[in-house]
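Chain by chain, the residues:
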Amino acid sequence: MSDVPKTHPRYLSLTLRDTIVAAVEQGITSIHGLIAHGRGEAFDYLIGEETQPFAIEAIHAAAVMLLSAEHPIISVNGNVAALAPEGLIELGRVLNAPLEVNIFHTETGREERIRDHLLKYGAPDVLMPTTEAQLSYIDSNRKFVHPEGIFKADVVFVPLEDGDRCEALQKMGKNVVTVDLNPMSRTAKQASITIVDNVVRALPLLCEKIPELSSDATTAQDTLKRYSNAAVLQQALQHISRSGDGN
Ligand code: PTJ
């Protein structure tokens, strides 16, 4: 880890960089993950590095959708495993949903290293990709899934997605909840619900929201009916376009 002083105005952002660099060195995050992280940083800067109201609205709807799923699943790639292992495990706990490793960039042993990393942080179990269950409409490594996990799921939580799989999952009739700092990405536009926020901030808020909702199912369903992902993305874009005015 580098010696970024806690008083540095960009301490948190620089600490996250350290985390992702360390995870690349450990073979958990792909080297391509550094580029994805840099893109995320740029959008986070424009968003103000704080959770904004459009993200809160999406988190609320995401909590309802995940809570009402019959078979929710949490898909984990190399970036999210590095940045938010505890948040992923907590989300699995509050939803009683499994975590499943699913990566885009194939590297020998990386899927197992991600699994071992999650187990080390306390995940009770981690599903792995298989060749016996495959997603339709997709050719990349992401098509290999677990029969009891992503394959069977009705709602898939896929933070920091690469676009193609989001479309494939939707075509297979599944709902997709994503976290993506870029409101213009294909994933952001295609997902059922897009939380435009940094995954490290969004996950704890999502975990907090789920138990709050469990007691009031009717109001929760109304939230989902009223939710418009297009409107939320529009709000995020408007916020970004005003960022030059000092928001
Ligand atoms: O581990 P793998 O092989 O599955 O690869 C994972 C990455 C993330 C490298 C892969 O899925 C990829 O290439 O993703 P993309 O297409 O670069 O998309 C990642 C999206 O996540 C971009 O729109 C980024 O802006 C966004 N992003 C990056 N960091 C964060 C983020 N969104 C939320 N929180 C972040 N910390």
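Just above, that's the structure.
Residues numbered from 1 in each chain as written. Predicted model: local features only at pLDDT ≥ 70, side-chain atom pairs only at ≥ 80, totals over all residues. Heavy atoms only, no water.

A. Broad picture of the pattern of salt bridges. Going through the model one piece at a time under the given rule, you end up with 13 salt bridges. The shortest N-O distance in the salt bridge between glutamate 148 and lysine 152 comes to 2.9 Å. (Salt bridge = Lys/Arg side-chain N within 4 Å of Asp/Glu carboxyl O.)

B. The arrangement of the site of the ligand in detail. In the vicinity of the ligand lie 22 residues, with Arg39, Phe104, His105, Arg110 and Asp180 positioned nearest. One of the backbone nitrogen or oxygen atoms of glycine 78 is found 2.8 Å away from an oxygen atom of the ligand. Between aspartate 180 and the ligand, the recorded distance is 2.8 Å, taken from a side-chain N or O atom to an oxygen atom. For the ligand, the accessible surface in isolation is 740 Å², of which the surrounding protein chains cover 94%. Its atoms largely coinciding with the cavity grid, the ligand occupies the largest pocket. Breaking the shell around the ligand down by element, the ones donating at least two residues are α2 (32-47) and α4 (78-83). Broken down by element, the residue count for the shell around the ligand peaks at 4 residues, all from α2. In terms of residue class, the shell around the ligand is made up of 7 nonpolar, 8 polar and 7 charged. (Near = heavy atom within 4 Å. Polar contact = N/O pair within 3.5 Å; in protein donor to acceptor, adjacent residues only side chain to side chain. Areas by Shrake-Rupley, 256 points an atom, 1.4 Å probe, with all protein chains shown as cover. 1 Å grid on protein atoms, 1.4 Å probe; cavity = no way out; pocket = protein on both sides within 12 Å on 5 of 7 lines; lining within 4 Å. Sits in = over half its atoms within 2 Å of the grid points. Helix = DSSP H or I, 4+ residues; strand = E, 2+ residues; numbered from the N terminus. Nonpolar A, V, L, I, M, F, W, Y, C, P; charged D, E, K, R; others polar.)

C. Representation of the packing of helix α3 (residues 53-67) against helix α10 (residues 217-226) within the structure. Two numbers describe how α3 lies on α10: the axes approach to 9 Å, and their chain directions differ by 120°. Between α3 and α10, the crossing angle belongs to the class labelled oblique. For α3 against α10, the interelement crossing comes out left-handed. In this structure, α3 uses His60, Ala61, Val64 and Met65 to contact α10, whose residues at the interface are Ala220, Gln221, Thr223 and Leu224. Considering only residue class, the contact of α3 with α10 consists of 5 nonpolar, 3 polar and no charged. (Axes fitted to C-alpha atoms, helices over the stretch in contact; angles between N-to-C directions. Parallel < 35°, antiparallel > 145°, perpendicular 65-115°, else oblique. Left-handed = near helix turned anticlockwise from the far one by under 90°. Contact = heavy atoms within 4.5 Å.)

D. Geometry of the pairing of strand β7 (residues 175-179). By the criterion of burial, β7 is predominantly enclosed, with 4 of the 5 residues buried. Handedness of the β-α-β unit built from strand β6 (residues 155-157), helix α7 (residues 164-171) and β7 comes out right-handed. As defined by bridge partners, β7 adjoins strand β8 (residues 193-195) across 3 bridges and the pair is classed as parallel. Within β8, the residue paired with threonine 178 across the bridge is threonine 194. (Buried < 20%, exposed > 50% of the residue type's maximum accessible area, 1.4 Å probe, protein only. Right-handed = clockwise from strand over helix to strand, strands pointing away. Pairing = 2+ DSSP bridges.)

E. Highlighting the side chain of asparagine 182. Secondary-structure assignment places asparagine 182 in the loop between β7 and α8 (186-190). In this structure asparagine 182 comes out as buried when scored by relative accessible area, which is 10%. Apart from residues lying up to four places away in sequence, asparagine 182 is in contact with Arg39, Phe43 and Ala188.

F. Quick look at the nonpolar core. Core analysis: the largest hydrophobic core is formed by 59 residues, its most contacted members being Leu91, Phe157, Val177, Ile195 and Leu206. Excluding its chain neighbours within four sequence positions, the residues that come into contact with isoleucine 195 are Ala55, Ala58, Ile59, Ala62, Val177, Thr178, Val179, Asp180 and Ala202. In this structure, Ile73, Leu127, Ala133 and Ala191 belong to the second largest nonpolar core, which totals 15 residues. (Core = buried A, V, L, I, M, F, W, Y, C linked by side-chain atoms within 4.5 Å.)

G. Structural view of the sheet that holds β8. Judged by pairing direction, the sheet is parallel, and its 6 strands sit side by side in the order β3-β2-β1-β6-β7-β8 without closing on themselves. Two strands bound the open sheet, and with one partner strand each, they are β3 (126-127) and β8. Its contacts with the sheet place α3 against β1 (72-76), β6, β7 and β8, and it is angled at close to 135° to β8. Contacts from helix α6 (residues 110-120) reach β1, β2 (99-101) and β3 within the one sheet, and its direction differs from that of β2 by about 155°.

H. Seen up close, α2. Along its 16 residues, α2 runs 23 Å from first to last C-alpha, staying within 8% of the 22 Å computed at 1.5 Å per residue. When we look at burial in α2, the residues that qualify are Gly33, His37, Gly40, Glu41, Phe43, Asp44 and Ile47. In this structure, the buried residues of α2 make contact with α1 (11-25), α4, α9 (199-213) and α11 (229-241). Backbone geometry just downstream of α2 places glycine 48 in the positive-phi region, at approximately 105°. (Expected span 1.5 Å × (residues − 1).)

I. Representation of the packing of α3 against α9 in the model. α9 packs onto α3 with a crossing angle of 55° between their chain directions and a minimal axis gap of 9 Å. Relative to α9, the element α3 is oriented oblique. Read as a crossing pair, α3 and α9 show a hand that is right-handed. For the pair formed by α3 and α9, the contact residues are Ile56, Ile59, His60, Ala62, Ala63, Val64, Leu66 and Leu67 on the first element and Ala202, Leu205, Leu206, Lys209, Ile210 and Leu213 on the second. Of the residues in the contact of α3 with α9, the class split is 12 nonpolar, 1 polar and 1 charged.

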